[in-house]
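# Residue-level structure breakdown
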Amino acid sequence: MKLILTGILAGLLAATAAKADEMAFTSWGGTTQEAQTKSWAAPFEASSGIKVLQDGPTDYGKLKAMVDAKNVTWDVVDVEMDFAIKAAKDGLLEPIDYAVVPKADLDPRFSNEHAVGSFYYSFVLAWNKGAVPGEPSGWADMFDTKKFPGKRTFYKWSAPGVIEIALLADGVPADKLYPLDLDRAFKKLDTIKSDIVWWGGGAESQQLIASGEAAFGQLWNGRVFALQQDGTDVGVSWNQNLTAADVLVVPKGAKNKDSAMKFLAAATSPTGQAKFAEASGYAPINTKAKAEMPADAVKALPDAHVDGQINLDMNYWAEHRDEIATRWYAWQTK
Amino acid sequence: MQESSFRRGSIAGLPAGSGSALPAIILVGLFFIVPVVALLLRSVTDPEPGLQNYAALFGSDTYVRVFLNTFLVASVVTAVTILVAFPVAWMLAIMPPAMGSIVFGIIILSMWTNLLTRTYAWMVLLQRTGVINRALMGLGIIHEPLPLINNLAGVTIGMVYIMLPFMILPLVGTLRAIDPMTLRAAALCGASPFDAFRRVLLPLSLPGIAAGGLMVFVMSLGYFVTPALLGGTSNMMLAEMIAQTVQSLLNWGLGSAAAFVLLVVTMALYAIQLRLVGARRAGGGL
C-alpha cells in the first residue's frame, strides 16, 4: 500500500514539477507514438540526459484549456497542421526557436513560425482485393456504385480530405480545388451517402478494409502500409494522393520550453526522421532523411508518388475550419 | 413520504448519521456541483458575455436534430430494455434462491467486462461480414446481409445489452417484494393469467420499472462510445457532438451550452418522473 501511494505521489510530482531535465511529449498513441518514442525520444534521452515523459492522446480541447488556465503540462504536442495554423492565430503556441532547430533541410511545406513538421502522409485509395472486382484507379471510382458496388469508407470528421476527393471525382481540376465549392462537394457526396461507412480512427479504417466490411476507402498511407506488412491482401492507388501533415508544436507557456526546442531539433533531424519514417511508412519532413533509409523503405513513402500528388491546402482549412465543420456535421447528421 | 421515519434522533433537524455522509457530500460538491456551475458560467461568458451560445444552439438545425435523435435513441433503448428485462427479472424473482444467485452472477459479470471490448465484440457480430449475417446467409435464410450496424438497430442492440443490468436489478427488488398471494387471489377471483399480469403484477411492479427506466434513460442520454461505434452519422448523439465541438473546434462556449441544456432537460424529466411514480406508488398501495 505504502509503495503504491509513494508511486502515485511520485507520478503526481513528475507530472507537475517543471524540472530542467524533464519534458512531456504528447501524441496520438498507438503505433505512431510508439515509433516516435523509439525513433526520437529514446535517442534524445540518451544524448541530452533530458527525460521525455510520454502522454496522450492529443486533445485540442485540453491543449486550449491548459493554455487558458496557464498550467501547461505538455511541452511538445503532435497536432494536425491545419489545427496548428489556427492555434497559432489564436495565440495558443510558442514560436519555434529556429536558432536551436536547424531549418535549412526542412520541407518548407510543413514548417512555419509556430510549428515544425512531424511527418507527412497521403490519403490514398485502398481496397480489399477479395471484395472488389477489378482495380479502382482513382477517386472517381469511389463514386461509381455500378462499376464498384459495396460499401466505401471515408474519414468521419470534418478535416481536409473528403471534400477535396468529392470535388476531384466530380471533375474539378487539381489546381482549381480552392476555394472549395462546398455545395458541389456535398451534392457529389449525396450520390453515395447511403453506401458510406465512416471511420473515426486509424485502427477502425484498417478493420473495415481487412474484413471486407468496406470494399474500399480513403485511408492514411501508413495504415495501408501496416496492413500490407501484416500480409492482408489490399490494393492501393496513389493516383491523386492527397498530402497532409502532422506538426510538432510547443503550447504557449510550456514549462520546459528550452528542452522542448532541443527535442524538436532531434525529432526533425535527418536521423530522427529517417528512423521514424522507416518504422511508420509516413514520410520524413527533413529532405536529407531519405539518404539514411533503406531503399525498399523509401519506395513505400508518399515521396515515391509525387506524380499527380496534391497538397491539401492547410492555410485554407485553418481559415475556414469552423465554417466547413458546421456544413459538414449538418450534412452528415441529416 | 417517508421523511418522518428518518427524523428519529436527528441533530439540528438533520437525520441521524448524516455526519458520515459528509465525505460523499463534499465529493459531489467538489466534483459535480462546482464543474456544473463552471459549465453554466462558461456557456454565458465564452467567448463574450451573453446568450449567443444558446441562440446558436437552438438556431442550428444540426444541434436540434442531434438533440431530438438523442432523445429518440434513449427512448427506444429504454422501451426495449424494459421489454427484455421484465421476463428475466420475473424469472429471477420466482427462482429458487440458489439458482437465482447464479443467474444474478452472470448478469453482474457482464457489467465488469470493459465497455469498449463489449462494443467491439458487437461490431464483429453485427457487421455485414459479421458472424450473424454470415450464419444467416450460410443457412440460406437471407441472401443479402441485414443492415444491423451503423444505424438505429445497431445502437439499440448494443445499448440495450449494456443497460440490461441497470433495469433488471431494481426490477427484481420490486418483484420480490410483491406478495405472490396477490396473484393467486387474482386467479381465484377468475382473472386470466394475462389479466392477472396486466391488472395486478404490472401495476405493482411499476415503481421498479420507473426507477430502472429512468436510470436507463438518463444513462442513455449521455452515451458516447456505443453510438459512436455502432451507429451511423445520422444517429449521432449529443455527447459525441459536444466532444467534437470542444475537442476539435475548441468552441467551449457552445459545447458548454449544449451540455447544460441536456442536464436541465434530464433533471426536468427526473422531476416529472418522481412526481408520477410518487402518485402511482400511493395509488398502488406500496
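About the thresholds
Residues numbered from 1 in each chain as written. Chains lettered and ligands numbered in written order. Predicted model: local features only at pLDDT ≥ 70, side-chain atom pairs only at ≥ 80, totals over all residues. Axes fitted to C-alpha atoms, helices over the stretch in contact; angles between N-to-C directions. Helix = DSSP H or I, 4+ residues; strand = E, 2+ residues; numbered from the N terminus. Parallel < 35°, antiparallel > 145°, perpendicular 65-115°, else oblique. Left-handed = near helix turned anticlockwise from the far one by under 90°. Contact = placed C-beta atoms within 7 Å. Nonpolar A, V, L, I, M, F, W, Y, C, P; charged D, E, K, R; others polar. Domains from an automatic or database assignment. Expected span 1.5 Å × (residues − 1). Bend = angle between axes of the 7 residues up to and from the residue. Buried ≥ 20, exposed ≤ 12 C-beta atoms within 10 Å, placed from the backbone. Pairing = 2+ DSSP bridges. Core = buried A, V, L, I, M, F, W, Y, C linked by C-beta atoms within 7 Å. Right-handed = clockwise from strand over helix to strand, strands pointing away.

### Let's talk about the packing of helix α7 (residues 202-211) of chain A against helix α8 (residues 221-229) of chain A
Residue and element names in this part refer to chain A. At a minimum axis separation of 10 Å, α7 and α8 run at an interaxial angle of 50°. Relative to α8, the element α7 is oriented oblique. Crossing angle aside, the handedness with which α7 passes α8 is right-handed. Within the contact between the two elements, α7 uses G202, S205, Q206, I209 and A210 and α8 uses R223, A226 and L227. Here the residues of the contact of α7 with α8 sort into four nonpolar, three polar and one charged.

### Details of the interface of chain A and chain B
Facing 19 residues of chain A, the contacting portion of chain B comprises 17 residues. Of all the elements in the fold, those that place two or more residues in the side of chain A that touches chain B are α3 (60-68), β6 (196-199) and α12 (314-332) of chain A. At five residues, α12(A) tops the list of elements feeding residues into the side of chain A that touches chain B. Here the residues of the side of chain A that touches chain B sort into seven nonpolar, six polar and six charged.

### Section: the domain arrangement of chain A
All names here are of chain A. One can read the domain layout of chain A as domain 1 (18-119 + 246-304) and domain 2 (121-244 + 307-332). Taking only C-alpha atoms into account, the centre of domain 1 sits 26 Å from that of domain 2. With 14 residues of domain 1 in contact, the opposing surface of domain 2 contributes 18 residues. Within the residue set of the side of domain 1 that touches domain 2, elements represented by two or more residues are α2 (30-48) and α4 (81-89).

### Some words on α2(A)
Residue and element names in this part refer to chain A. Compared with an ideal rise of 1.5 Å per residue, which puts 19 residues at 27 Å, α2 spans 26 Å between its outermost C-alpha atoms and is within 8% of the ideal. Along its length, α2 shows its largest kink, about 35°, at T37. Among the residues of α2, T32, Q33, A35, Q36, S39, W40, A41 and F44 are the ones counted as buried. Against the buried residues of α2 lie β1 (22-26), β2 (51-55), α9 (257-267) and α10 (270-280). Downstream of α2 by a residue or two, G49 has a phi angle that is positive, lying close to 80°.

### A short note on the pairing of strand β4 (residues 116-128) of chain A
Residue and element names in this part refer to chain A. In terms of burial, β4 is a largely internal element, 13 of the 13 residues being buried. For β4 and strand β8 (residues 234-249), the ladder comprises 11 bridges, and the chain directions are antiparallel. Paired with V116 across the strands is L248, a residue of β8. The sheet contact formed by β4 and strand β7 (residues 216-220) spans five bridges and is antiparallel.

### What to know about the packing of α4(A) against α12(A)
Residues and elements named next belong to chain A. Between α4 and α12, the shortest axis-to-axis distance is 8 Å and the interhelical angle comes to 60°. Judged on the interaxial angle alone, α12 and α4 are oblique. Of the two possible hands of crossing, α4 and α12 adopt the one that is right-handed. Residues M81, D82, I85 and K86 of α4 form the contact with α12, whose participating residues are M314, N315, W317, A318 and R321. Grouping the amino acids of the contact of α4 with α12 by side-chain chemistry returns five nonpolar, one polar and three charged.

### Quick look at the environment of L148(B)
Residue and element names in this part refer to chain B. With respect to the element layout, L148 can be found in the loop between α7 (131-138) and α8 (152-177). Residue classification places L148 among the partly exposed positions, given that 18 C-beta atoms sit within 10 Å. Through-space distance from the C-alpha of L148 to that of L214 is 26 Å; in sequence the pair is 66 residues apart. Contacts of L148, omitting those with residues within four sequence positions, involve L126, I132, A153 and G154.

### Some remarks on the nonpolar core
Within soluble globular proteins, side chains that are nonpolar generally end up buried alongside one another. The biggest cluster of nonpolar side chains holds 95 residues, and the ones touching the most others in it are V247(A), V249(A), F263(A) and L264(A). Here this core takes nine residues from β4(A), the largest share from any one element. Taken domain by domain, this core gets at least three of its residues from each of domain 1 (18-119 + 246-304) and domain 2 (121-244 + 307-332) of chain A. Contact partners of V247(A), with chain neighbours within four places excluded, come to V79(A), M81(A), A84(A), F110(A), A115(A), V116(A), G117(A) and S118(A). With 50 residues, the next largest nonpolar core counts M123(B), Y223(B), I242(B) and L254(B) among its residues.

### A look at the pairing of β1(A)
Residues and elements named next belong to chain A. Buried residues dominate β1, accounting for four of its five residues. As paired elements, β1 and β2 share five bridges and run parallel to each other. Paired with F25 across the two strands is Q54, which belongs to β2. Taken together, β1, α2 and β2 constitute a β-α-β crossover, and its handedness is right-handed. Here two bridges tie β1 to strand β3 (residues 76-80), and the two strands are oriented parallel to one another. Across the sheet, residue F25 finds its bridge partner in β3, namely V76.

### Here we look at α8(B)
A rise of 1.5 Å per residue sets the reference length of α8(B), with its 26 residues, at 38 Å; its end C-alpha atoms lie 36 Å apart and thus fit the reference within 8%. At M163(B), α8(B) shows its largest bend, some 40°, and a proline, P165(B), comes one to four positions later.

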